[in-house]
Number of protein chains: 2
Amino acid sequence: MKTLEFWFEFGSTYSYLSAMRIDALAGTYGISTKWMPFLLGPIFKSFGWRTSPFEIYKQKGDYMWRDVERRASRFGLPFRRLDKGAVQVFPQNSLLAARIAIVGLRTDWGRDFCRGVYHAQFAEGRNIADPDLLFELARRSGAKSEELGAAVSDENKAVLRAQTKQAMSLGIFGAPSFVFGEELFWGDDRLEDALLFATGAG
Amino acid sequence: MKTLEFWFEFGSTYSYLSAMRIDALAGTYGISTKWMPFLLGPIFKSFGWRTSPFEIYKQKGDYMWRDVERRASRFGLPFRRLDKGAVQVFPQNSLLAARIAIVGLRTDWGRDFCRGVYHAQFAEGRNIADPDLLFELARRSGAKSEELGAAVSDENKAVLRAQTKQAMSLGIFGAPSFVFGEELFWGDDRLEDALLFATGAG
């Protein structure tokens, strides 16, 4: 079966939309997926940005919240706008979530954990930098204690750094991104295009 | 009949895609369109950008050319990548084209002129800052000489400036954008969503 790489960042609203729908959708195309968490921070830093462009450029940010709200509604996904009187900051610190995901995606609880983190953040408005929340979500998905220890090991930190560097070398500049062979697709709104391309029909 | 505003910039690749397909597509939704040329330059300047973000951020630019190439192919539109050994610069100076379009869109030759400018630029790789090319395209679309004179009048220059300010006041930060009432949609990939929203079904 052909495999589409799904590159995502936990702090990204549009990655939330893709994470919640990619596996069911990919199934209808007969495509499998490989989930690749990475960090946008170092990539944004290379552009000279100290935070998300949605924070730097207010018009883009205002538009993004409304656009994601519309798309979430279309997909039947709950969505809490973190810009509307919520206590949470945006973008949230996604470092520990990504480190745990790296470990979980090697075994059977990774995807459920990832969806749990997105739901906690964008449906419930919770703080995904909170280790207690993340460890609880991981355990609920099936993580063992020693796996949570492995998530914060130096070795695992290096794996996440390497994965972020790999994203940059693939030309990735935002999230979500989808990669099939040499072909890059950026944005939740390109998910169907990427799947179609992967089937060989695109 | 309900009317969707189509805000476009002549230098914009994604605006080319929308300009070539919006009127036929809108017809299938039972929606009419109002074409609103504006300049992205002053908006980019307000963000601290001296040129297109596709020029400032190489990864975004590389991606954009490939993405537009893929979409043009899907829509059956010719497309010349201006980044691939072409002599033309990007983004091109679209000031005179926009001024002529303002005049033409008040009468019956405006849309044909706009599509002609986009075709000359993105199908033929021509320089749309060239007044001879623009006046020729306008005449071919049905412009009279006095209308071409009106395009470069101080009065008309002020109209384009006001239209660009109106774009900013609507929260527009890129092109193409589509506006229906209070609702803003950004990008050629939101054209169908905007039309659906305008029908009242979205």
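Our structure's up above, just so we're on the same page.
Keep in mind that what you see is a predicted model, and the values were worked out from it rather than measured.

### Details of the overall build of chain A
So, step 1. A count of helices and strands for chain A gives 10 helices and four strands.
So, step 2. Listed by position from the N terminus, the elements making up chain A come as β-α-β-α-α-α-α-α-α-α-α-β-β-α.
So, step 3. Considered along the principal axes of its C-alpha atoms, chain A spans approximately 45 × 40 × 35 Å.
So, step 4. In chain A, buried positions account for 39% of the 202 residues.
So, step 5. Summarising the internal contacts of chain A: among those between residues at least 6 apart in sequence, 71% fall at separations of at least 24.

### Brief notes about the relation of the copies chain B and chain A
So, step 1. Least-squares fitting of chain B to chain A yields an RMSD of 0.0 Å, with the superposition described by an axial translation of 0.0 Å and a rotation of 180°. Those values place the two copies in the arrangement expected of a two-fold rotation axis. It is Asp189 of chain B whose C-alpha, among those of chain B, lies nearest the rotation axis, at 3.8 Å.
So, step 2. When the interface residues of chain B are mapped onto chain A, 100% of them again fall at the interface, so both copies present the same face.

### Some points on the packing of helix α6 (residues 110-122) of chain A against helix α7 (residues 131-141) of chain A
All names here are of chain A.
So, step 1. Where α6 contacts α7, the two axes come as close as 9 Å, and the packing angle between them is 140°. Put simply, α6 runs oblique to α7. Considering how the two elements wind past one another, α6 and α7 form a crossing that is right-handed. Together, Asp112, Phe113, Gly116, Val117 and Ala120 of α6 and Leu133, Leu134, Leu137, Ala138, Arg140 and Ser141 of α7 make up the contact between the two elements.
So, step 2. Class assignment of the residues belonging to the contact of α6 with α7 gives a composition of seven nonpolar, two polar and two charged.

### Looking at helix α5 (residues 95-104) of chain B
All names here are of chain B.
So, step 1. When you tally the buried positions in α5, you get eight out of 10 residues, the bulk of the element.
So, step 2. All buried positions along α5 are accounted for by Ala97, Ala98, Arg99, Ile100, Ala101, Ile102, Val103 and Gly104.
So, step 3. Buried-residue contacts for α5 involve β2 (32-37), α6 (110-122), α7 (131-141), α8 (145-151) and α9 (154-169).

### Considerations on the interface of chain B and chain A
So, step 1. Facing 11 residues of chain B, the contacting portion of chain A comprises 11 residues.
So, step 2. Taken together, the elements giving at least two residues each to the side of chain B that touches chain A come down to α4 (58-75) and β4 (183-186) of chain B.
So, step 3. Counting residues per element, the side of chain B that touches chain A draws most heavily on α4 of chain B, at four residues.
So, step 4. When its residues are assigned to classes, the side of chain B that touches chain A shows six nonpolar, two polar and three charged.

### As for the sheet that holds β4 of chain B
Each strand in a sheet pairs with its neighbour through backbone hydrogen bonds, running either in the same direction (parallel) or in the opposite one (antiparallel).
All names here are of chain B.
So, step 1. Strands sit in the order β2-β1-β3-β4 across an open sheet of four strands; the sheet is mixed. Of all the strands in the sheet, just β2 and β4 have a single pairing partner and so form its edges. Taken over all neighbouring pairs, the strand axes of this sheet differ in orientation by 25° on average, direction set aside.
So, step 2. Summarising the sheet, strand β1 (residues 3-8) and strand β3 (residues 177-180) pair through three bridges and their orientation is antiparallel. Bridge pairing in β3 links Phe6 to Phe178.
So, step 3. The strands touched by helix α10 (residues 191-198) are β1, β3 and β4; relative to β3, the strand with the most contacts, the crossing angle is about 5°.

### Side note on the pairing of strand β1 (residues 3-8) of chain A
If a strand is regular, its side chains alternate between the two faces of the sheet.
Residue and element names in this part refer to chain A.
So, step 1. Burial runs high along β1: five of the six residues are buried.
So, step 2. Here β1 pairs with strand β2 (residues 32-37) via six bridges, running parallel. Bridge pairing in β2 places Phe8 opposite Pro37.
So, step 3. You can see the chain leave β1, run along helix α1 (residues 13-29) and come back into β2, and the turn it takes is right-handed.

### Quick look at the environment of Tyr63 of chain A
So, step 1. In this fold, Tyr63 of chain A is placed in helix α4 (residues 58-75).
So, step 2. Taking the number of C-beta atoms within 10 Å as the measure of exposure, Tyr63 of chain A has 20 and is therefore buried.
So, step 3. If near-sequence neighbours (up to four positions away) are discounted, Tyr63 of chain A is found in contact with Gly171, Phe173, Leu184 and Trp186 of chain B.

Conventions and cut-offs
- Residues numbered from 1 in each chain as written.
- Chains lettered and ligands numbered in written order.
- Predicted model: local features only at pLDDT ≥ 70, side-chain atom pairs only at ≥ 80, totals over all residues.
- Helix = DSSP H or I, 4+ residues; strand = E, 2+ residues; numbered from the N terminus.
- Buried ≥ 20, exposed ≤ 12 C-beta atoms within 10 Å, placed from the backbone.
- Contact = placed C-beta atoms within 7 Å.
- Least-squares fit on C-alpha atoms with pLDDT ≥ 70 in both.
- Axes fitted to C-alpha atoms, helices over the stretch in contact; angles between N-to-C directions.
- Parallel < 35°, antiparallel > 145°, perpendicular 65-115°, else oblique.
- Left-handed = near helix turned anticlockwise from the far one by under 90°.
- Nonpolar A, V, L, I, M, F, W, Y, C, P; charged D, E, K, R; others polar.
- Pairing = 2+ DSSP bridges.
- Right-handed = clockwise from strand over helix to strand, strands pointing away.

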